[in-house]
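# Residue-level structural notes
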Amino acid sequence: FLQPELVQRDQDNALVKSPVELAVGLIRQSGGELAHPGALALRLAGMGQNLFSAPNVRGWPGGNAWITTQSLLARKQFLETSIVRKSAGSNTSDLMGALDKSVTDQGDVDPVRPFARLMRAMAQTPALQIDAAAWLKVAGTSPERAVGAQGAAHLVQNLLVLPPASPLGSEALGLDALRAVLLDPVYQLK
């Protein structure tokens, strides 16, 4: 591994992924899919990057500006909700159908209430769907099996640019190990 002084120097020069880089990188690394574009746009805005609405002509500030107390919580929640087992039937039409049903059931005349319900529903909808089992299969393990030393090393090497802030135990179950690597602060770096 790297010597401690080199790791510190690299951490000082490392850049923090923007919310879009975090989402697109997660999709590309995992082979996952975009489950709901509206929910993704809402999550990105919660992390501080409102799509097509840069704060000025230079664009977004980047670097450490992406890390605030609010954005860190939003990033953690985004990553956690993305690591779900793929399920049939969880798509945009189901979300819109549920919204239409709730509007007709309650007979709202106020156009703001259905929009507020839609925003609440989108906030609870996973924006991305990552097939954790398929992702872990590449590392030679499964969600319910201990990763072992080789699987843990494979996850760390393929997902992190630097050694993890918290060491990954080889006795961790596959899904727990994947979650630990994705939630490690080093995963936020590019």
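The structure we're discussing is the one just above.
The paragraphs below set out a description of the structure included in this document.

Rules used throughout
- Residues numbered from 1 in each chain as written.
- Predicted model: local features only at pLDDT ≥ 70, side-chain atom pairs only at ≥ 80, totals over all residues.
- Heavy atoms only, no water.
- Core = buried A, V, L, I, M, F, W, Y, C linked by side-chain atoms within 4.5 Å.
- Buried < 20%, exposed > 50% of the residue type's maximum accessible area, 1.4 Å probe, protein only.
- Helix = DSSP H or I, 4+ residues; strand = E, 2+ residues; numbered from the N terminus.
- Polar contact = N/O pair within 3.5 Å; in protein donor to acceptor, adjacent residues only side chain to side chain.
- Contact = heavy atoms within 4.5 Å.
- Phe/Tyr/Trp six-rings, centres within 6.5 Å; stacked < 30°, edge-to-face > 60°.
- Lys NZ or Arg CZ within 6 Å of the ring centre and 35° of its normal.

### Some points on the nonpolar core
Counting residues in each nonpolar core, the largest one holds 34 residues, and the members touching the most others are Leu 26, Phe 78, Leu 155, Leu 159, Leu 178, Leu 182 and Tyr 187. When contributions to this core are tallied by element, the ones reaching two or more residues are α2 (19-30), α3 (37-46), α4 (69-82), α7 (132-138), α8 (148-159) and α9 (174-183).

### With respect to the side chain of Gln 49
Tracing the backbone shows Gln 49 in the loop between α3 and α4. Within polar-contact distance, the side chain of Gln 49 engages the backbone nitrogen of Val 20 at 3.1 Å. Excluding residues within four positions of it along the chain, Gln 49 makes contact with Ser 18, Pro 19, Val 20, Leu 44, Trp 60 and Trp 66.

### Here we look at the side chain of Ser 71
As for its placement among the helices and strands, Ser 71 is situated in helix α4. Ser 71 sits in the buried class, given a relative accessible area of 4%. Those residues in contact with Ser 71 that lie beyond four places of it in its chain are Gly 46, Met 47 and Trp 66.

### Considerations on the packing of aromatic side chains
The tally for this structure, following the rule as stated, stands at zero aromatic pairs. If you follow Lys 17 out to its NZ or CZ, it ends over the ring of Tyr 187, 3.8 Å from the centre.

### Description of unusual backbone geometry
In this model, Phe 52 sits at a positive phi of 60°, which is unusual for a non-glycine residue. Assignment of secondary structure puts Phe 52 in the loop between α3 and α4.

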